[in-house]
Amino acid sequence: MSGAQDRLSRLLALVPYFLARPGILIDEAAATFGITPKQLRKDLELLWMCGLPGYGPGDLIDISFDEDTVTVTFDAGMNRPLRLTGAEATALLVALRALVDTPGVDDADAVRRAVAKIEAAAGQATPAGVAVGLGVREGARSTKRARDAVQAALSAGRALRITYYTASKDEITERVVDPMRMLIVDGRGYLEAWCRRAEDVRLFRVDRVDEAAVLDEAAAPPPYAEPTDTSTGLFRSAPDQRVAVLVLGQEARWVSEYYPVEDPEELPDGRLRVRMRYADTSWVVRLLLGLGGEVAVESPVELAEVLRAQAAAAVARMDRHLAST
Amino acid sequence: MNLVLCLLSTRQYLSAERIRSIVPGYADAPSDDAFFRTFERDKTELRELGIPLEVGRNKVDDPVDGYRIARRDYELGEIDLEPDEAAAVALAVRLWDSPELTGAAHGALLKLRAAGVDVDESAPTAVESKVRTTEPAFGPLLAAVQAGQAVSFDYRKHNPVEVRARELEPWGVVSWRGRWYVVGHDRERSAPRCFRLSRVVGEVRKVGRPGQVHRPDDVDLLRFVASSSGESQPSPAVKLWVADGRGAGLRRWATVVRRHEVDGVPGDVVELELAYPDTAAGWIAGYGADALVLEPDVLAKAVRERLLAAAEGPERRTRLEPAIEGNGVAR
């Protein structure tokens, strides 16, 4: 959309917007439309010169504005906003529908009512061609129970005791957390909370919360606990991370889509060279052992050696076990 | 703006000449050519904004077409949202993290506000969802879907690795579990197919004219993708030995059956059901010597095969046969 179109689209919405809110603050209206108060005043001055053919005093849009507020007194027939375009209806309704089956949206009924009302008002601009299924994975038996407890703690503003599986360390720990909010990113539910054990904000994958109990005490994240910025994804590179250079065979290429990797480089026979950051050696060893012969570790050398040694020890144990039975 | 107000206020179709004489601005046009150029541009602009510009004649013997905007088609219908419904809208607008969809959702929100609905975008919510569209193919494919236009693109398959050109009549773009897919009729296969956007290589090219693609009414895009993306299948129970204090990730899915010592190491025999049988061998092999598959035999062999390959080092690796339980299901 061009700048001129942007402006026309805004001008068309401004008149009914002001009509519905007599005496609204200019600053507030400008913020809503995402423009500066100065630009809004320019828009209003332009609207003042618009109206019906004849363009006499009784035909022009009449707006009274003072220092801070605006009121539309004659709308020249522009009392309703323009209907939604197909793209606008799509973006809004698809998002609403995706929320209906999002675990943790406690008021799915309100979402459904909103969808029905917007569909009715939007008329023929029905969405098509986009669908979203957050498809939140709830594998473990305990996930629904954990999610309900998380939800209950959030809405009651209580602290929570959780038994949590940390995949990077392959360990299960118990901790008390102060819930802040629930996030759904790429189809996974996360609890964002102040972890009293780590003394920091942590994201807990809800499907890794094995047990959860709502406590009697209030949730009290410290005032300096900042919500995580998820705009660039959940993986962060941190200074203490190490980098492995891997060559992935065809059967292991999924790793490059599943985990964040850098500098992918196509090699003959469908292999792919990537750089992967990791914080925990035990985690990367588990991942790479599972890939068997489909991955070669180019560096660090120590990682390649650890892998070979652990794999050999495992095979030896299996063979001894088979021989003894 | 004056053109819109003028055409909204008239029931009669107004000819271009009439519009030229009454709407301010047009009268300044130095020539007929200049006027018609400006007028054409303005009409296009209005249509692009979604303004329903009607073309017609008041009487059958009118010499030229006129223009008007039917108020009924122009206006957003009456809408009044309860506070909880408005909160849902605010949450929905925040779902998108996408240049194409964020803008459109905000446009919709502004119109709702102009209709008198109050939506507080900054209200804190307990749940925050994000759907990102970082794939470069997203914009062109969404545009093709909305225009009803066929496309062709190069697509990378992972197993076996190959890049092939595909020609698709796209029905829709679908986000499933945080990944985007395009669903449509594959012209070469002559069957419905879905493609992952992250595997589209290079540019998406338009084929044919807009309006030629028609989505069948009975297709459920989301279900199509969900059923194509390799969901879990039922599998026989698995019996493992897990060393004491190890394999927490395995244990949390398992039930302990009895104590058992392997290789002089104390541990438990556990049983579990696999949610994702295709990836089980890799998952269990990752635990190395801490876990041992007792049953079924085929899984035990698959795990041993992987670990043996990992133990033998890279010299042999390029010639290794694919792992035996790999069945090519997209992961």
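Quick note: structure is the one above.
These numbers come from a predicted model, not from an experiment.

1. Re the environment of R10(A)
All names here are of chain A.
- In this fold, R10 is placed in helix α1 (residues 3-20).
- You can call R10 buried: its relative accessible area is 13%.
- When the C-alpha positions of R10 and D240 are compared, they lie 49 Å apart, and in sequence the two are 230 residues distant.
- Residues within four places of R10 in sequence aside, it is in contact with F33, I35, Q39 and D43.

2. A word on the environment of D73(B)
- Along the chain, the position of D73(B) falls in helix α4 (residues 71-74).
- Considering only alpha carbons, one finds D73(B) and K43(B), 30 residues apart in sequence, at a separation of 16 Å.
- In contact with D73(B), not counting residues within four places along its chain, are R83(A), P52(B) and E54(B).

3. Examining the pattern of salt bridges
- A complete count under the given rule lists 51 salt bridges over all chains for this structure.
- Among the salt bridges present, the one from R21(A) reaches D118(B), with a minimum N-O distance of 3.2 Å. Of the two residues, R21(A) sits in the loop between α1 and β1 (24-25) while D118(B) sits in the loop between α6 (99-114) and β5 (127-132), which places them in two different chains.
- Of the residues examined, D118(B) reaches a relative accessible area of 58% and is grouped as exposed.
- Across the pair R317(A) and D263(B) runs a salt bridge, and its minimum N-O distance is 3.1 Å. One end of the pair, R317(A), is in helix α9 (residues 301-324); the other, D263(B), is in the loop between β12 (255-262) and β13 (265-272), on a second chain.
- Owing to a relative accessible area of 34%, D263(B) belongs among the partly exposed residues under this scheme.
- Members of the salt-bridge network, linked through shared partners, are D109(A), R113(A), K117(A), D84(B) and E85(B).

4. Description of the packing of helix α5 (residues 108-122) of chain A against helix α5 (residues 83-93) of chain B
- Across the interface, α5(A) lies against α5(B) with an axial gap of 8 Å and an inter-helix angle of 85 degrees. With respect to their mutual orientation, α5(A) and α5(B) come out roughly perpendicular. Each of A110(A), V111(A), R113(A), A114(A), K117(A) and I118(A) in α5(A) lies in contact with α5(B), whose residues at this interface are D84(B), E85(B), A88(B) and V89(B).
- Here the residues of the contact of α5(A) with α5(B) sort into six nonpolar, no polar and four charged.

5. Notes on the packing of helix α2 (residues 26-33) of chain A against helix α3 (residues 37-48) of chain A
All names here are of chain A.
- The interhelical angle for the contact between α2 and α3, taken along N-to-C directions, is 95 degrees, at an axis separation of 9 Å. Classified by the angle their axes make, α2 and α3 are roughly perpendicular. Residues I26, D27, A29 and A30 of α2 pack against P37, L40 and R41 of α3.
- Residue composition of the contact of α2 with α3, grouped by class: five nonpolar, no polar and two charged.

6. Description of the sheet that holds strand β10 (residues 242-248) of chain A
All names here are of chain A.
- Strands sit in the order β11-β12-β10-β13 across an open sheet of four strands; the sheet is antiparallel. Each end of this open sheet is capped by a strand with a single partner; those strands are β11 (261-266) and β13 (295-299). Along the sheet, successive strands turn relative to each other by an average axial angle of 25 degrees, direction set aside.
- Where β10 meets strand β12 (residues 272-278), seven bridges bridge the pair, whose relative direction is antiparallel. For L248, the partnering residue across the bridge sits in β12 and is L272.
- Packed onto the sheet, helix α8 (residues 281-291) meets β10, β12 and β13 and runs at close to 150 degrees relative to β12.
- Each of β10, β12 and β13 touches α9; the most contacted strand, β13, lies at about 145 degrees to it.

7. Some remarks on unusual backbone geometry
- The omega angle of the peptide bond from S299(A) to P300(A) is -5 degrees, so this bond is cis rather than trans.
- If you trace the backbone, P300(A) turns up in the loop between β13 and α9.
- Put simply, E295(B) and P296(B) share a cis peptide bond, and its omega is -10 degrees.
- Summarising the element assignment, P296(B) is placed in the loop between β14 (291-295) and α11 (297-312).
- Its identity as a non-glycine residue notwithstanding, D170(A) has a phi of 50 degrees, on the positive side.
- For D170(A), the location among the structural elements is in the loop between β5 (158-166) and β6 (171-185).
- D170(A) sits in the buried class, given a relative accessible area of 14%.
- The backbone of D263(A) shows a phi angle near 45 degrees, a positive value even though the residue is not glycine.

8. Remarks on the interface of chain A and chain B
- Opposite the 116 residues of chain A that make contact, chain B presents 121 residues.
- When the buried area of chain A at its contact with chain B is split by residue, R80(A), E257(A) and R317(A) rank highest and sum to 8% of it.
- Taken together, the connections running from chain A to chain B amount to 13 salt bridges.
- When the shortest N-O distance is used, the salt bridge between R113(A) and E85(B) registers 2.7 Å.
- The interface formed by chain A and chain B holds 34 residue pairs in polar contact (both at pLDDT 80 or more) in total.
- In terms of residue class, the side of chain A that touches chain B is made up of 65 nonpolar, 25 polar and 26 charged.
- As paired strands, strand β4 (residues 130-133) of chain A and strand β7 (residues 161-176) of chain B are joined by four bridges and run parallel to one another. Paired with A131(A) across the bridge in β7(B) is V174(B).

9. Section: the pairing of β11(A)
All names here are of chain A.
- As paired strands, β11 and β12 are joined by four bridges and run antiparallel to one another. Counterpart to E262 in the pairing with β12 is R275.
- Linking two consecutive strands that pair antiparallel, namely β11 and β12, is a turn of five residues; a positive phi of about 60 degrees is found at D269 within it.

What counts, and at which threshold
Residues numbered from 1 in each chain as written. Chains lettered and ligands numbered in written order. Predicted model: local features only at pLDDT ≥ 70, side-chain atom pairs only at ≥ 80, totals over all residues. Heavy atoms only, no water. Helix = DSSP H or I, 4+ residues; strand = E, 2+ residues; numbered from the N terminus. Buried < 20%, exposed > 50% of the residue type's maximum accessible area, 1.4 Å probe, protein only. Contact = heavy atoms within 4.5 Å. Salt bridge = Lys/Arg side-chain N within 4 Å of Asp/Glu carboxyl O. Axes fitted to C-alpha atoms, helices over the stretch in contact; angles between N-to-C directions. Parallel < 35°, antiparallel > 145°, perpendicular 65-115°, else oblique. Nonpolar A, V, L, I, M, F, W, Y, C, P; charged D, E, K, R; others polar. Pairing = 2+ DSSP bridges. Buried area = accessible area lost by both parts, 1.4 Å probe. Polar contact = N/O pair within 3.5 Å; in protein donor to acceptor, adjacent residues only side chain to side chain.

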